[in-house]
Amino acid sequence: MTSESNFPDRPKLRPLEVSRVTHEGNDYFLLKNFSHLNDQSLMVPVPLGLYLQAVDGTNTLNEITKAAISRGAPEFPQETLDELISRLDDMLLLSNGKYSVEMEQRLDIYRSAPERTPALAGLAYPSDTDDLRGYLDGFAFPYMNDYAIADNDLPAGVELKAVVSPHIDFERGGDSYGMIWEQVRNQLKDVELVVVFGTDHNGEGPRLTLTNQHYRTPLGMLDTDTELVDEIALILSTDSTIDDHPFADEFNHANEHSIELATVWLHRAIGNSDAKMLPILCGSFGGLLEDDALNIDDHTAISRVIRLLQSVADERRTIFIAAADLAHVGPAFGDIELIPKESEKRRRVESEDEVLLEAIVSGNRRRFFDAIRKNDDHNRICGFAPIYMTMWAADTTIGTWNGYQQCQADEQDTSFVSIAGAALFG
């Protein structure tokens, strides 16, 4: 329901990209559409920031004003707040305004298309098939011989069950991509099903978001196992805490880069395979870090999905992939502290990342979870959910990690994203 001002009575902000900027001597919050539905951005004066905190879908405009003032915000004319909410709505930044209508239309277009076309081809990597092969080979070349795992390199009775792959852009993370995908390439020849858990940068959680669309890359088509999608959707639809759990955020698949970037390397590794793919976007696990939060292992619907995937893996050669980065720290991600190269903070983050990586390769998902909860996820582990889901589904016991990098994330090189690859066996 909307007011006469043509925006919702109780507006609710969607997840946003927020950064703090200075313009003409004044401080602003720069708001961007996290799912890139448009290229617009909005500068909001910092004093109005406390008003935005109350735009959560539970407050009228008057209640938003009262909440902000109670937190110490200056009082603004009603017209100012009306204009702010109207601009947010026009930019599709309110989940219960114009965004809902726009999304319904875009979702219809997405679902009626014959396939999910790559969103980043020609932008983040070459769209031409031969150019892309050459581009990827350039990153993989140093590792084509020395890093491949042969069967006789593995302990008796184990096989590759899962891969942790970065999802950062290739330009910054190509060396890590090349290293891990060359390491596991020989172990993927007989794969029948690839389950890819990717970070849903625009999704709340805990939530698993499905799609029936096939994933195309410039290297060809990776068919989605639609029968398995249907089975999982039936399970997730029993989750009464989330409306339409399996497909509520389906349009996030259209522009989400996490699965797409890992899938390009997957396609290069398996070639013209008959293997099916199951793409699953994972919403944030941030809410699970609270002391009274439900243990994710006790989430009835998600645990049933895991048991189903494990039973499928018993029948078909299945590989689980986590399309996941690690830490996101520095001013580019909202921190006040600058983190230049060779700083003690960089070394501390690397040490904390190594704790996570050791938990991953040992197959101890509880230790992985507890290490993130211990510091309240202050490093913003972007791959938290997909890594946990991959470890849970694959149930691995040993592994190796490599290709650790801290990738520049701002012009001053005072922020970074950390990444690594891992091969997991069981």
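Residues numbered from 1 in each chain as written. Predicted model: local features only at pLDDT ≥ 70, side-chain atom pairs only at ≥ 80, totals over all residues. Heavy atoms only, no water.

Engineer: I'd like a description of the pairing of strand 3 (residues 41-45), backed by residues and values.
Structural biologist: Side-chain alternation along strand 3 places Leu42 and Val44 on a buried face and Ser41, Met43 and Pro45 on a face that remains uncovered. Examined bridge by bridge, strand 2 (residues 26-33) and strand 3 share 5 bridges and lie antiparallel to one another. Across the sheet, leucine 30 pairs through a bridge with methionine 43, a residue of strand 3. (Buried < 20%, exposed > 50% of the residue type's maximum accessible area, 1.4 Å probe, protein only. Helix = DSSP H or I, 4+ residues; strand = E, 2+ residues; numbered from the N terminus. Pairing = 2+ DSSP bridges.)

Engineer: Lay out the packing of aromatic side chains with the relevant residues and their values.
Structural biologist: Under the criterion given, the structure shown has 14 aromatic pairs. Here tyrosine 51 and phenylalanine 76 contribute two aromatic rings whose centre-to-centre distance is 5.6 Å and whose plane-to-plane angle is 75°, an arrangement assigned as edge-to-face. With tyrosine 51 in helix 1 (residues 49-52) and phenylalanine 76 in the loop between helix 2 (61-70) and helix 3 (78-90), this pair connects stretches of sequence that are 25 residues apart. Classification of phenylalanine 76 as partly exposed rests on a relative accessible area of 26%. Taken together, a centroid distance of 6.0 Å and an interplanar angle of 70° make the contact between phenylalanine 369 and tyrosine 388 edge-to-face. With phenylalanine 369 in helix 12 (residues 365-374) and tyrosine 388 in helix 13 (residues 384-394), this pair connects stretches of sequence that are 19 residues apart. Each member of the pair, phenylalanine 369 together with tyrosine 388, is buried. (Phe/Tyr/Trp six-rings, centres within 6.5 Å; stacked < 30°, edge-to-face > 60°.)

Engineer: Please set out the state of the cysteines residue by residue, giving values where relevant.
Structural biologist: Using the criterion set out here, one finds 0 disulfides in the structure. Cysteine 382 supplies the cysteine sulfur nearest to cysteine 282, a cysteine that is in no disulfide, at a spacing of 11 Å. Unpaired in this structure, cysteine 407 has its nearest cysteine sulfur neighbour in cysteine 382, at a distance of 12 Å. Take cysteine 407: its relative accessible area is 3%, and that puts it in the buried class. (Disulfide = S-S within 2.5 Å.)

Engineer: Which residues make up a negative patch on the surface, and what values go with them?
Structural biologist: A cluster of acidic residues, Glu290, Asp291, Asp292 and Asp376, forms a negative patch at the surface. Turning to its location among the elements, aspartate 376 is positioned in the loop between helix 12 and helix 13. (Patch = residues over 30% accessible without salt bridge, like charges linked within 9 Å, V, L, I, M, F, W, Y side chains within 5 Å. Areas by Shrake-Rupley, 256 points an atom, 1.4 Å probe, with all protein chains shown as cover. Salt bridge = Lys/Arg side-chain N within 4 Å of Asp/Glu carboxyl O. Lys, Arg positive; Asp, Glu negative; His and termini not counted. Charge placed at Lys NZ, Arg CZ, Asp CG, Glu CD.)

Engineer: For the sheet that holds strand 1 (residues 16-23), give the residues involved together with the corresponding values.
Structural biologist: As summarised here, the arrangement of the 3 strands in space is 1-2-3, forming an open sheet in which the pairing is antiparallel. The open sheet has two edge strands, strand 1 and strand 3, and neither has a second partner. On average, each strand axis in the sheet is tilted by 30° relative to the strand beside it, whichever way the strands run. (Axes fitted to C-alpha atoms, helices over the stretch in contact; angles between N-to-C directions.)

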